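Reading the structure
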Amino acid sequence: MESVTNLASARPVVIFSNSSCCMCHTIKTLFNEFGVNFAVHELDEMPRGREIEQALSRIGCPTLPAVFIGGELVGGANEVMSLHLNRSLIPMLKRAGALWV
């Protein structure tokens with residue numbers, strides 16, 4: 001858990017992902033389009049990735065991607081897309097210091 005907290009708070013936007021996950025790719029593409037400089041942790045490429053994935057599940061994100069903005073868990077792809085569709089995502093990114101425009 002401490003490892004997840006440390007990793008999640010290292011940058012304004014942190015995505016825990018799986019390199020072969022299409023929804024993870026979609027969320028990373030969305031943030032790229034916005035110009036967000038996010039940190040990504042590909043759990044399938046990390047030695048302790050499975051352990052981190054289990055910790056994410058325990059804190060409320062049972063599937064990948066797991067997106068953190070400003071050190072807080074936003075959720076997965078559904079939550080991020082809902083925030084985007086109701087126009088809450090960009091203001092949240094600005095408050096976290098992930099966007100300047």
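Residues numbered from 1 in each chain as written. Predicted model: local features only at pLDDT ≥ 70, side-chain atom pairs only at ≥ 80, totals over all residues. Heavy atoms only, no water.

**So, helix 2 (residues 22-34)**
- Between its first and last C-alpha atoms helix 2 spans 19 Å; for 13 residues at 1.5 Å apiece the expected length is 18 Å, and the two agree.
- Those residues of helix 2 not exposed but buried are Cys-24, Ile-27, Lys-28, Leu-30 and Phe-31. Looking down the long axis of helix 2, one finds its buried residues gathered within 155 degrees of arc, a one-sided arrangement. Opposite the packed face of helix 2, turned more than 90 degrees from it, sit the exposed residues Cys-22, His-25, Asn-32 and Glu-33.
- Next to the buried residues of helix 2 lie strand 1 (13-17), strand 2 (39-42), strand 3 (66-69), helix 4 (77-85) and helix 5 (89-95).
- Positioned one or two residues after helix 2, Gly-35 has a phi angle of 85 degrees, which is positive. (Helix = DSSP H or I, 4+ residues; strand = E, 2+ residues; numbered from the N terminus. Expected span 1.5 Å × (residues − 1). Buried < 20%, exposed > 50% of the residue type's maximum accessible area, 1.4 Å probe, protein only. Arc of directions from axis to C-beta. Contact = heavy atoms within 4.5 Å.)

**What about unusual backbone geometry?**
- Residue Pro-65 follows Leu-64 across a cis peptide bond; omega there is 5 degrees.
- Its location among the elements puts Pro-65 in the loop between helix 3 (49-58) and strand 3.

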